[in-house]
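Below are the chains, spelled out letter by letter.
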Amino acid sequence: PQRCEAMLPRPPFPGEARRAAAAGRSRSRPRGAGGGTVLLPSMLMFGVILASSGLLLMIEKGILAEVKPPPLQPAWGERSQRGGGGGQEAPGELEAEVLRDIRNRTIRAVCGQPAMPRSIWELPAGQRRTVLRHLLVSDKYRFLYCYVPKVACSNWKRVLKVLDGALESVDVKLKMDHKSDLVFLGDMRPDEISYRLKNYYKFIFVRNPMERLLSAYRNKFGEIKEYQQKYGVEIIRRYRKHGGNSAGDDVTFSEFLQYLLDEEAERMNEHWMPIYNLCQPCAVRYDFIGSYERLSADANHVLERVRSPSFVRFPERQPWYKPVTAETLHYYLCNTQRRLIKELLPKYILDFSLFAYPLPNITSEFCRQ
């Protein structure tokens, strides 16, 4: 299991929260559509954590440094009989119970606020399009999966293709096609959408927000030429003096975070858009929220819950895959300007608070270790 020392033991004091909230609002003011109320992470900011007293207390007492951050074992404590998955083993039942309770109470508290959307039809048009484009449909097994890039979504898409008969096995050595042989909820009529949202089993998988951003940065700017040319060249042009000759393959992590800070959350590329914006957990009531940190156990639970055939298993992690470790995250965070990280947190604060991930530790004491 991942070490949790890279987590902040203290939330911001109220004064800090107000100052950061003001900074977040000035940097990330959304453009609404259709006259609806637009709520982004920057608007709820650290007040979300302060309002969710359970999470605040856990962070204040340092309990989340002992209880591993990822959610969560199924509430009824089922044990999976399937193999595969390549994820880390589940933490103890007590830790899972505590984290599940924190997450569920926080989601209820935040999503119960009067201004929060109760359904996708209350969302502005742009937000609604985003979530509908990320909800994958299995009519055969009656479930909806909101895919989140950099949270094992390619493997989940393989599973969906196997379940629908488009692939023979999750182990087929083919380049992943993220569009063909997949059914998206956004391609359906409103009445078909409403029926499936009401009657199908719905799930998402989440990941530590900073770890997800680092994974996206290393993958897209370190390996994918298309992203280097489309985003890297522009990032360097904006934030580096005399960077006009760059091919976009040498973007620094600090430059990437500065770019995220200046972008509107709703206009971001899906690989670094906040999970809240991608999947709208207040407008869509998910039956299960799995985590990357408990990938094997949580994926197997979902497969059992939707009654998939026993031969369908979640893919093993590929041997060439280089995961983001706690040490790698520590290195990048501690070699990045604290200002950037602190100012960026408001955009991702709902991902931290709703899914019970402690804030990153960027204290001098921790970074000297």
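This structure is a prediction, so every number in the text was calculated from the model and none was measured. (Residues numbered from 1 in each chain as written. Predicted model: local features only at pLDDT ≥ 70, side-chain atom pairs only at ≥ 80, totals over all residues. Heavy atoms only, no water.)

### Let's talk about the nonpolar core
Here is the rule: Grouping buried Ala, Val, Leu, Ile, Met, Phe, Trp, Tyr and Cys residues that are joined through side-chain atoms within 4.5 Å yields what is termed a nonpolar core. The buried label applies to any residue whose accessible area, calculated with a 1.4 Å probe on protein chains only, is under 20% of its type's maximum; exposed applies above 50%, and partly exposed to all values in between. Helix and strand definitions follow DSSP, with helices as H or I runs of at least four residues and strands as E runs of at least two, each counted in order from the N terminus. The contact criterion used is simple: two residues touch if any of their non-hydrogen atoms lie within 4.5 Å.
Counting 94 residues, the largest nonpolar core has Trp156, Leu260 and Trp272 as its most contacted members. Looking at this core, the element that brings in the most residues is helix 16 (residues 338–354), giving nine residues. Residues within four places of Trp156 in sequence aside, it is in contact with Tyr145, Phe203, Phe205, Ala299, Val302, Leu303 and Phe314.

### Here we look at the side chain of Ser138
With respect to the element layout, Ser138 can be found in strand 1 (residues 135–138). Overall, the relative accessible area of 1% leaves Ser138 in the buried class.

### Considering the sheet that holds strand 4 (residues 288–291)
Keep this limit in mind: Strand pairing is assigned whenever DSSP detects at least two bridges linking the two strands. The convention used is that axes are lines fitted to C-alpha atoms, helices contributing only their stretch in contact, and that angles between N-to-C directions extend from 0 to 180 degrees.
Pairing is mixed in the open sheet, where four strands are placed in the order 1-2-3-4. Each edge of the open sheet is held by one strand with a lone partner, namely strand 1 and strand 4. On average, each strand axis in the sheet is inclined to that of its neighbour by 25 degrees, with strand direction left out of account. Two elements, strand 2 (residues 143–146) and strand 3 (residues 201–206), share four bridges in a ladder whose sense is parallel. Within strand 3, the position partnered with Cys146 by the bridge is Ile204.

### Brief notes about the state of the cysteines
Think of a disulfide as a covalent bridge from one cysteine sulfur atom to another cysteine sulfur atom. We apply this condition: When the sulfur atoms of two cysteines come within 2.5 Å, that pair is taken as a disulfide.
What the rule picks out here adds up to three disulfides. In this model Cys111 forms its disulfide with Cys282; the gap between the sulfur atoms is 2.0 Å. Taking the sign of the S-S torsion, about -75 degrees here, the bridge from Cys111 to Cys282 comes out left-handed. Of this pair, Cys111 sits in helix 6 (residues 93–111) while Cys282 is found in the loop between helix 13 (275–279) and strand 4, placing the two residues 171 residues apart along the sequence. Exposure class is identical for Cys111 and Cys282. Each is buried. What connects to what in the protein, once the bonded cysteines are numbered by sequence position, is 1-4, 2-3, 5-6.

### Here we look at helix 11 (residues 225–239)
Note that an α-helix has 3.6 residues per turn; residues three or four places apart therefore point the same way. The condition that has to hold: Expected span, for any helix, means 1.5 Å times one less than how many residues it has. Across the chain, bend at a residue is computed as the angle between axes fitted to the seven residues ending at that point and the seven starting from it.
Its 15 residues give helix 11 an end-to-end C-alpha distance of 20 Å, which sits within 8% of 21 Å, the value for a rise of 1.5 Å per residue. For helix 11, the principal kink sits at Tyr231 and spans about 35 degrees. Burial in helix 11 covers these residues: Tyr227, Gln228, Tyr231, Gly232, Ile235 and Ile236. Buried positions along helix 11 lie against helix 10 (209–222) and helix 12 (253–262).

### Quick word on the pairing of strand 3
Within strand 3, six of the six residues are buried, which leaves the element mostly enclosed by the surrounding structure. Of the two faces of strand 3, the one lined by Tyr201, Phe203 and Phe205 and the one lined by Lys202, Ile204 and Val206 are each fully buried.

Taken by themselves, the reported measurements are silent on function.
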